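Structure assessment
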Amino acid sequence: MAVLGALSVVSIAGGTRYIALLLIVLKVLLLLSLLFVPGFLLLKLIKKDYFSNDEAFLLATPASIVVYVLIFIPLYCVKSHFIWYLIFNCAFVTVATAAAYRKKMVAEILRISPVLKYGFLMVALSSVIALSFVSVNMTNPEKELNNWVAVGHRGLHDLPGDNNLQYDTATVFAQYKPPWVWPNNDTPWTMGDRPPLLGVLNGIIMLSLNKRPYSFWNYLIVGITFNSLFLLPLSMLAKRIFNRPATAYLAVISVFLNIFIFINIYFTWPKLLAVFFLLTLIVYLWDRELSPATASIGGAVFALGALGHGNVLLTLPVVILSYIAFAVIRGKKTYLLYFFVSFLILYSPWSLYKIRHQEINTSNLIGHYIPASKHSESLYQRVSDFIQDYPIEKQFERRVALLLDAIRENRIYETLRVLQSGDIAGYLNGVYPDVFYHPVTALGEMQVLLTIIMLIFYIVKSLYRKKATPFDIKMLTTFIFLAISSYAFNVLIKWTPPNTHELPYTELIILIAAVSGITFSFGAVLRWFSFGWIFMNFTYYVIASSLRHDFAVFDFFNIVVFTAVAAMVWLVHYFSQNQTTTDEGGNG
């Protein structure tokens, strides 16, 4: 009885947390339903036979976003009352659902392939995990997580204020304010320095609900959910590359558990939102016959990625070169025009907005690519100074030195020493938090080297033993080559070793998934040992973050984090056991 009484007290005291968790789950599922269901039904209504169920589900979110934004732009231009946003957005969802119901298409969404169901569940769980992580030590996160500072201080490293840019942008649109400019010299950003898609989407929600602005917590829910979307196309990509379902599904979880990626999910820079569109483009075009329709859809999806974050444009040179080579081989060079016309149609409203508001149309971001003489009078002079200051010999020497330092570091010994001495605070404030910024140890060159070495080793091993590789070697090699080419291209633009978060994210995610998948392909024992190591690194980050901020390690939301991660692992077992020889519904 005493135990039951104690549990009752705990239950009552923790009731607010249970309610907060329930609201997190409900809001995430509601947002995902508004992203996937209308777009899926719309695509099936437009051309049922053209889009398979899988393709319609993959493109559902881009389709929904395009419609929501097309509703937003004219209403915003005439400064409509909030009720019109609500009416038109509700009408879109209602009409699409009703029309699909009449044509018996609603049930089609349940006939998508298992890998897409897995990817969708991964998106939902990822969102809940990240939102729970930033809620640790809080009773009601909606009241306590009221600005970017609270979120930026949750991990082992205090993150910068970029997280406030999209929230301020959303407020500008929702309140019909003039574009904002931060006058602070330490943060000289303007509204024009970051593409606005996440801000626009939050602005649409604010306007539709007549909450202008709404709480930063709701912005965080939207941002984290959008940043988790990339797991859906990544699941499809991994499934196509790796023949064993367990290998493919674990590779996706390994990307999510990578600390660098996890930080970017919960801090809601929209870089991973941009990655979602680019991975969607890759998966969609891979098996599709090149045509004016596919090229136009590709250009539209790429435009959404560029509007999500300018990081996507870092991938553009390699994408264009690859497309040109492909088009020349297939004899379809003219289709590149459809791609760019579609891209410009969707991207041009933002360009026109910046032209109209010249005060926000700055060139602050050029320092991310040419880190020399920012005060030079011309771009030509900047480039000249840059080449003179950073010759290729200096560039190469610095990278080799950084790489050798990373190899010489013994993190295991350092961790054991800390456990013996008890100097946890010193360690938490030491080298480990730099995982987000360090260009070698975080991902960067180390990830590139690992990918090349492991792929070569596995190919040689397979040829020597005359065994078939457990992955699509042509597809994997192609993606690794493109990722490394793009990574190297951007490194050469930067010349000096950049921070990892300044590099193209799509390439880094592909390389993380490739390293994980190849490692897991060596056998069940090594697969689970390697995954266990990845999980321990994630666990270390979550627990150490709590300790650094004097939070309870067994906080309610920490328990939710690890329970949801366990659910992810269970999903691997479930979908691997229930995987059929063909993905039913893929061509429905």
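Please refer to the structure higher up on the page.
My aim in this report is to walk through the structure given alongside it, one point at a time. (Residues numbered from 1 in each chain as written. Predicted model: local features only at pLDDT ≥ 70, side-chain atom pairs only at ≥ 80, totals over all residues. Heavy atoms only, no water.)

**As for the overall build of the protein**
Tallying secondary structure elements over the protein gives 27 helices and 0 strands in all. In the protein, buried positions account for 54% of the 588 residues. For the protein, restricting intrachain contacts to residue pairs at least 6 apart in sequence, the fraction spanning at least 24 positions comes to 79%. (Helix = DSSP H or I, 4+ residues; strand = E, 2+ residues; numbered from the N terminus. Buried < 20%, exposed > 50% of the residue type's maximum accessible area, 1.4 Å probe, protein only. Contact = heavy atoms within 4.5 Å.)

**A short note on the packing of helix α5 (residues 82-102) against helix α10 (residues 197-209)**
Packing of α5 against α10 brings their axes to within 7 Å, and their N-to-C directions diverge by 105°. With respect to each other, α5 and α10 are oriented roughly perpendicular. Residues F82, Y85, L86 and N89 of α5 pack against I204, L207 and S208 of α10. Partitioning the contact of α5 with α10 into residue classes produces 5 nonpolar, 2 polar and no charged. (Axes fitted to C-alpha atoms, helices over the stretch in contact; angles between N-to-C directions. Parallel < 35°, antiparallel > 145°, perpendicular 65-115°, else oblique. Nonpolar A, V, L, I, M, F, W, Y, C, P; charged D, E, K, R; others polar.)

**Focus on the pattern of salt bridges**
For side chains of opposite charge, pairing can occur when their charged atoms come near one another. Taken as a whole, this structure holds 4 salt bridges when the rule is applied. Salt-bridge contacts for R17 lead to D555; the nearest nitrogen and oxygen are separated by 3.0 Å. Here R17, found in helix α2 (residues 15-46), pairs with D555, found in the loop between α26 (524-548) and α27 (556-577); they are 538 residues apart in sequence, far enough to count as distant. There is no split in this pair, since R17 and D555 are both buried. The partner of R111 in a salt bridge is E108, and the shortest N-O contact between them spans 2.5 Å. (Salt bridge = Lys/Arg side-chain N within 4 Å of Asp/Glu carboxyl O.)

**Examining the nonpolar core**
If you look at soluble globular proteins, the nonpolar side chains tend to sit buried side by side. Membership of the largest hydrophobic core comes to 173 residues, with the highest contact counts inside it found for F226, F230 and Y266. Here the element with the most residues in this core is helix α6 (residues 114-133); it accounts for 12 residues. If we ignore the near neighbours within four places in the chain, the residues touching Y266 are A130, F133, V134, V151, R154, G155, L159, L220, I224 and Y541. In terms of nonpolar packing, the next biggest core, distinct from the first, is built from 5 residues, L290, A295, Y335 and L336 among them. (Core = buried A, V, L, I, M, F, W, Y, C linked by side-chain atoms within 4.5 Å.)

**A closer look at the packing of aromatic side chains**
Under the defined criterion, the tally for this structure stands at 42 aromatic pairs. Taken together, a centroid distance of 5.7 Å and an interplanar angle of 75° make the contact between Y118 and F575 edge-to-face. Of this pair, Y118 sits in helix α6 while F575 sits in helix α27, and the two are 457 residues apart along the sequence. Residue Y118 is classed as buried on the basis of its relative accessible area of 0%. The buried category is assigned to F575, whose relative accessible area is 7%. On the numbers, 6.3 Å between centres and 75° between planes, the contact of F535 with F562 is edge-to-face. You can see F535 sitting in helix α26 and its partner F562 sitting in helix α27, a full 27 residues away along the chain. (Phe/Tyr/Trp six-rings, centres within 6.5 Å; stacked < 30°, edge-to-face > 60°.)

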